[in-house]
Amino acid sequence: EADIYQTPRYLVIGTGKKITLECSQTMGHDKMYWYQQDPGMELHLIHYSYGVNSTEKGDLSSESTVSRIRTEHFPLTLESARPSHTSQYLCASSATGGPNEQFFGPGTRLTVL
Amino acid sequence: GENVEQHPSTLSVQEGDSAVIKCTYSDSASNYFPWYKQELGKGPQLIIDIRSNVGEKKDQRIAVTLNKTAKHFSLHITETQPEDSAVYFCAARLSNFGNEKLTFGTGTRLTIIP
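Worth saying up front: this structure is predicted, and the values here are computed from it rather than measured. (Residues numbered from 1 in each chain as written. Chains lettered and ligands numbered in written order. Predicted model: local features only at pLDDT ≥ 70, side-chain atom pairs only at ≥ 80, totals over all residues. Heavy atoms only, no water.)

Right, let's talk about the pairing of strand β4 (residues 30-38) of chain B for a bit. All names here are of chain B. Where burial is concerned, most of β4 is hidden: eight out of the nine residues are buried. Of the strand pairs in this sheet, β4 and strand β9 (residues 86-94) are connected by six bridges, and their pairing is antiparallel. Residue pairing across strands places Lys 37 opposite Tyr 88, the latter belonging to β9. As paired strands, β4 and strand β5 (residues 45-51) are joined by six bridges and run antiparallel to one another. (Buried < 20%, exposed > 50% of the residue type's maximum accessible area, 1.4 Å probe, protein only. Helix = DSSP H or I, 4+ residues; strand = E, 2+ residues; numbered from the N terminus. Pairing = 2+ DSSP bridges.)

All names here are of chain B. Read from one edge of the open sheet, five strands run β1-β3-β8-β7-β6, paired in antiparallel fashion. Across the chains shown, the open sheet's two edge strands, defined by having one partner strand only, are β1 (4-7) and β6 (56-59). Direction aside, neighbouring strands of the sheet carry axes that sit 15° apart on average. In this sheet, strand β7 (residues 62-67) lies alongside β6 in antiparallel orientation, the contact comprising four bridges. Counted as the bridge partner of Lys 57 is Val 64 from β7. (Axes fitted to C-alpha atoms, helices over the stretch in contact; angles between N-to-C directions.)

The next subject is the nonpolar core. Soluble globular proteins: nonpolar side chains tend toward being buried together. Residue and element names in this part refer to chain B. Within the largest apolar cluster, 23 residues are counted, with the highest numbers of intra-cluster contacts made by Tyr 25, Phe 33, Trp 35, Phe 73, Leu 75, Tyr 88 and Leu 110. Looking at this core, the elements with two or more residues in it are β2 (10-14), β3 (19-25), β4, β5, β7, β8 (72-77), β9 and β11 (108-113). When neighbours within four sequence positions are excluded, Phe 73 is seen to be in contact with Ile 21, Lys 22, Cys 23, Tyr 25, Phe 33, Trp 35, Thr 65, Leu 66, Cys 90 and Ala 91. (Core = buried A, V, L, I, M, F, W, Y, C linked by side-chain atoms within 4.5 Å. Contact = heavy atoms within 4.5 Å.)

Before going further, it helps to examine the pattern of salt bridges. All chains considered together, the criterion is met by eight salt bridges over all chains. Across the pair A:Arg70 and A:Glu72 runs a salt bridge, and its minimum N-O distance is 3.1 Å. What makes A:Glu72 partly exposed here is its relative accessible area of 32%. Note that B:Glu39 is salt-bridged to B:Lys37, the shortest N-O span being 3.5 Å. Residue class for B:Glu39 comes out partly exposed when judged on its relative accessible area of 31%. (Salt bridge = Lys/Arg side-chain N within 4 Å of Asp/Glu carboxyl O.)

Residue-level contacts link 22 residues of chain A with 23 residues of chain B. With both chains or domains summed, chain A and chain B bury close to 1,800 Å², and 51% of this area falls on carbon and sulfur atoms. Summed over the three residues of chain A that lose the most area to chain B, namely A:Met41, A:Leu43 and A:Asn100, the buried surface amounts to 33% of that side. Viewed at the interface, chain B and chain A are joined by one salt bridge. A:Asp59 serves as the salt-bridge partner of B:Lys101, at 3.6 Å between the closest nitrogen and oxygen. At the boundary of chain A and chain B, one finds three residue pairs in polar contact (both at pLDDT 80 or more). For the side of chain A that touches chain B, the secondary-structure elements that each account for two or more residues are β4 (31-37) and β5 (43-51) of chain A. When the residues that make up the side of chain A that touches chain B are grouped by side-chain class, the tally is eleven nonpolar, six polar and five charged. (Buried area = accessible area lost by both parts, 1.4 Å probe. Polar contact = N/O pair within 3.5 Å; in protein donor to acceptor, adjacent residues only side chain to side chain. Nonpolar A, V, L, I, M, F, W, Y, C, P; charged D, E, K, R; others polar.)

Moving on, we get to the side chain of B:Ser74. Residue and element names in this part refer to chain B. On the secondary structure map, Ser 74 appears in strand β8. What makes Ser 74 buried here is its relative accessible area of 7%. The contacts of Ser 74, once residues within four sequence positions are left out, are Val 20, Ile 21, Lys 22, Trp 35, Ala 63, Val 64 and Thr 65.

With that out of the way, let us pick up the sheet that holds strand β7 (residues 65-66) of chain A. All names here are of chain A. Pairing is antiparallel in the open sheet, where four strands are placed in the order β1-β3-β8-β7. In this open sheet, the two edge strands, each paired with only one partner strand, are β1 (4-7) and β7. As defined by bridge partners, β1 adjoins strand β3 (residues 19-25) across four bridges and the pair is classed as antiparallel. Directly across from Gln 6, in β3, lies its bridge partner Cys 23.

In structure tokens:
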């Protein structure tokens, strides 16, 4: 089992609410990622970070923002949630050098009403 | 950027038979090709990977083959079991220094029929 955690696992909220999805890992990995997963399964990279104070936008445009103040923590924030944000959000991490495996958390299923 | 295509999108196989999932990639500079398995309610988990300097890799009932010339790679599962039912993703990574981003295929939902 990978030591990467996401909370909450499920979240149902109303339109316009601000939300933060938490992701933390205890493996000391420098690199962390956020993916959005369609109901049709496809994974889209929306944010990544290669270390503290480093964040980049991914391949899929997203209205969410991320921060990386501590190595182990990579939260994702939506300032004003909309129904179009309804999706599964997966966090992952990987080590610098060596094996390139990305370890995934269990995901947060977000529903915006 | 890299583009990865994956086929089929769904696959049903009789228990004990073999399953094959195929992926093609667009950028010849890609050098790392992992396969992930995602079970219901969980995040994807790496099951096997291959680098561009190797043509084939096996791990018990799972094998991956890579054809660099044709830019395609395949996952082979032999003697399938009910617990193999899941969604499988292939991925590719460009060899740019410091670039760890993976480009994923669209996924294959594998169902093993008892």
